[in-house]
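Structural features, examined
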Amino acid sequence: MELFDKLYDEHESAKVRFIGFTTEDTRYDFGIIYTNMFFGKPLVICMQTGRSTLLDPKDIEDIDYLQTVFRIPDKEQAADLAEFFRETLPSIPFVTQYE
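Just so it is clear, the model here is predicted, and its values are computed rather than measured.

Before going further, it helps to spend a moment on the nonpolar core. Phe30, Val44, Phe70, Leu81, Phe85 and Leu89 are the most contacted members of the largest nonpolar core, which totals 19 residues. Of all elements in the fold, only β2 (27-34), β3 (43-46), α2 (63-69) and α3 (75-88) reach the threshold of two or more residues within this core. Per-element tally for this core: the top contributor is α3, with five residues.

All told, the structure shown has nine aromatic pairs when counted by the stated rule. For the ring pair Phe84 and Phe85, a centre distance of 5.3 Å and an interplane angle of 55° mean the geometry is tilted. Residue Phe85 is classed as buried on the basis of its relative accessible area, which comes to 0%. Taken together, the ring pairs in this structure connect Phe21, Tyr28, Phe30, Phe70, Phe84 and Phe85 into an aromatic cluster. For Lys15, the ring lying beneath its charged end belongs to Tyr34, and the centroid distance is 5.6 Å.

Ordered in space as β1-β2-β3-β4, the four strands form an open sheet in which the pairing is antiparallel. Two strands lie at the open edges of the sheet, namely β1 (15-22) and β4 (52-54), each paired on one side alone. Recorded for the sheet is a direction-independent mean angle of 20° between the axes of neighbouring strands. Relative to β3, β2 runs antiparallel, the two sharing four bridges. When the sheet's bridge partners are listed, Gly31 is paired in β3 with Ile45. Sheet strands touched by α3: β1, β2 and β3. Its angle to β2, the strand with the most contacts, is close to 35°.

Below, the discussion takes up the pairing of β1. Here eight bridges tie β1 to β2, and the two strands are oriented antiparallel to one another. Its bridge partner being in β2, Lys15 is matched across the sheet by Tyr34. As consecutive antiparallel partners, β1 and β2 are separated by four residues.

What follows is about unusual backbone geometry. Trans peptide bonds make up the majority, and among non-glycine residues the majority have a negative phi. The residue Phe38 is not glycine, and still its phi comes out positive at about 60°. One non-glycine residue, Arg71, lies in positive phi territory at about 50°. Locating Arg71 in the fold gives a position in the loop between α2 and α3. Looking at Arg71, the relative accessible area reads 65%, which means it is exposed.

Moving on, we get to a negative patch on the surface. A cluster of acidic residues, Glu24, Asp25, Asp74 and Glu76, forms a negative patch on the protein surface. Its place among the elements puts Asp25 in the loop between β1 and β2.

Criteria and cut-off values
- Residues numbered from 1 in each chain as written.
- Predicted model: local features only at pLDDT ≥ 70, side-chain atom pairs only at ≥ 80, totals over all residues.
- Heavy atoms only, no water.
- Core = buried A, V, L, I, M, F, W, Y, C linked by side-chain atoms within 4.5 Å.
- Buried < 20%, exposed > 50% of the residue type's maximum accessible area, 1.4 Å probe, protein only.
- Helix = DSSP H or I, 4+ residues; strand = E, 2+ residues; numbered from the N terminus.
- Phe/Tyr/Trp six-rings, centres within 6.5 Å; stacked < 30°, edge-to-face > 60°.
- Lys NZ or Arg CZ within 6 Å of the ring centre and 35° of its normal.
- Pairing = 2+ DSSP bridges.
- Axes fitted to C-alpha atoms, helices over the stretch in contact; angles between N-to-C directions.
- Contact = heavy atoms within 4.5 Å.
- Patch = residues over 30% accessible without salt bridge, like charges linked within 9 Å, V, L, I, M, F, W, Y side chains within 5 Å.
- Areas by Shrake-Rupley, 256 points an atom, 1.4 Å probe, with all protein chains shown as cover.
- Salt bridge = Lys/Arg side-chain N within 4 Å of Asp/Glu carboxyl O.
- Lys, Arg positive; Asp, Glu negative; His and termini not counted.
- Charge placed at Lys NZ, Arg CZ, Asp CG, Glu CD.

Here it is, written out as structure tokens:
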């Protein structure tokens, strides 16, 4: 008897970008993994906290979501981060992944 049912096992050469920047109040260090998985959403990892999420343009506009997922203390800092992601992450079309 197998203990696990494999859902997927994909190998891919992904594009990875590491970027650090500061705002007036905070320093950020992110790893951004661009992949064909996850409906084309980039995987964004905060290198300081290890917290990660998949982001698309709709997620970027949700300041409360950014504040929660990256544990940002106030809305102004979350808005600064949203501005960074708007400029940095590509606008992606929806990609059908499951048929």
